[in-house]
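Here is how the chains run, residue by residue.
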Amino acid sequence: PFAQRSAADAGFMDQSHGHKLRFVKGVAEELPLHTGSADVVVSTATLCSVSDATRAISEIRRVLKPGGCFLFVEHVLSKTSPDLAEKQCQAAEMLRQARDAPNPTEQQAKIATYGCRTDLRTLEIIQAAGFSEVDGSYFELPNFGYTAPTDAGIAIS
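Residues numbered from 1 in each chain as written. Predicted model: local features only at pLDDT ≥ 70, side-chain atom pairs only at ≥ 80, totals over all residues. Heavy atoms only, no water.

Concerning the overall build of the protein
- Within the protein, the regular secondary structure consists of five helices and four strands.
- The helix and strand sequence of the protein, counted from the amino end, reads α-β-α-β-α-α-α-β-β.
- In terms of its C-alpha atoms, the protein occupies a principal-axis envelope of roughly 50 × 35 × 30 Å.
- Considering the protein as a whole, with its 157 residues, one finds that 33% of them fall into the buried category.
- Intrachain contacts of the protein at a sequence separation of at least 6 include 66% that bridge at least 24 residues.
- Of the roughly 9700 Å² of accessible surface on the protein, 54% is carried by carbon and sulfur atoms.
- Positive and negative side-chain charges of the protein, numbering 15 and 19 respectively, have mean locations separated by a distance of 5 Å. (Helix = DSSP H or I, 4+ residues; strand = E, 2+ residues; numbered from the N terminus. Buried < 20%, exposed > 50% of the residue type's maximum accessible area, 1.4 Å probe, protein only. Contact = heavy atoms within 4.5 Å. Areas by Shrake-Rupley, 256 points an atom, 1.4 Å probe, with all protein chains shown as cover. Lys, Arg positive; Asp, Glu negative; His and termini not counted. Charge placed at Lys NZ, Arg CZ, Asp CG, Glu CD.)

Quick look at the structure:
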């Protein structure tokens, strides 16, 4: 609802101006779109919470039209701090255990609900996914703790 309201407020839902923006609900690893049907896919702090980021990125590439754009901003595993990277990996393991627990404790349920894996190298996954061009970079957001390391960029189908 928030994204739709914001898009409407910005005039992106007004088809009389040639806009064809639509919101589709689905699972990232099995996008409910036809092959080559999307001009743009946007992912912001999303791939860290999917079950299989590699498959999700493959699906994004599948649904993009030739020359289509994949815009991404994702928090990732630290490249500059081994201590932070180790803590991120430990947190990701706790998340895996919480997701796999048949009868999760209250603490495990809270961890699983948050759902963010901070042990991914998303830009590397995108670079290996077969896009014709990838322009991405790594940076760190100040005061964001475990989610400060970030990959952002654009990939062209």
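Overview of the pairing of strand E4 (residues 149-156)
- Counting buried residues in E4 gives seven out of eight residues, a clear majority hidden from the surface.
- Strand direction decides the pairing type here: strand E2 (residues 64-75) and E4, joined by seven bridges, are antiparallel. What sits directly across from Phe-72, in E4, is Gly-153.
- Here eight bridges tie strand E3 (residues 133-140) to E4, and the two strands are oriented antiparallel to one another. Across the sheet, the residue bridging to Ser-137 is Ala-152, located in E4. (Pairing = 2+ DSSP bridges.)

Observations concerning the sheet that holds E4
- Strands sit in the order E1-E2-E4-E3 across an open sheet of four strands; the sheet is mixed. Every interior strand has two partners, whereas the edge strands, strand E1 (38-44) and E3, have only one. Averaged over all neighbouring strand pairs, the angle between strand axes comes to 10°, with direction disregarded.
- Together, E1 and E2 form the strand contacts of helix H2 (residues 53-63), whose direction differs from that of E2 by roughly 150°. (Axes fitted to C-alpha atoms, helices over the stretch in contact; angles between N-to-C directions.)

What about the packing of aromatic side chains?
- The full count for this structure, using the stated rule, is two aromatic pairs.
- Here Phe-70 and Phe-72 contribute two aromatic rings whose centre-to-centre distance is 5.4 Å and whose plane-to-plane angle is 35°, an arrangement assigned as tilted.
- Here the aromatic rings of Phe-70 and Phe-131 are separated by 6.1 Å at their centres, their planes lie at 20°, and the arrangement is stacked. Pair noted here: Phe-70 is in strand E2 and Phe-131 is in the loop between helix H5 (122-127) and E3, with a separation of 61 residues, a long-range link.
- Taking the relative accessible area as the measure of exposure, Phe-70 reaches 0% and is therefore buried. (Phe/Tyr/Trp six-rings, centres within 6.5 Å; stacked < 30°, edge-to-face > 60°.)

Re the nonpolar core
- By size, the foremost hydrophobic cluster in this structure holds 20 residues, and its most contacted members are Val-41, Ile-57, Leu-64, Phe-70, Ile-126 and Phe-131.
- When contributions to this core are tallied by element, the ones reaching two or more residues are E1, H2, E2 and H5.
- In terms of residues, this core owes the most to one element, H2, which gives five residues.
- Beyond its immediate sequence surroundings of up to four residues, Ile-57 is in contact with Leu-47, Thr-122, Ile-125, Ile-126, Ala-129 and Phe-131. (Core = buried A, V, L, I, M, F, W, Y, C linked by side-chain atoms within 4.5 Å.)

Side note on helix H3 (residues 82-100)
- The end-to-end C-alpha distance of H3 is 27 Å, a good match for the 27 Å that 19 residues give at a rise of 1.5 Å each.
- Buried within H3 are the following residues: Leu-84, Ala-85, Gln-88, Ala-92, Leu-95 and Ala-98. Down the axis, H3 shows its buried residues gathered within 140° of arc, on one side only. Opposite the packed face of H3, turned more than 90 degrees from it, sit the exposed residues Pro-82, Asp-83 and Asp-100. (Expected span 1.5 Å × (residues − 1). Arc of directions from axis to C-beta.)

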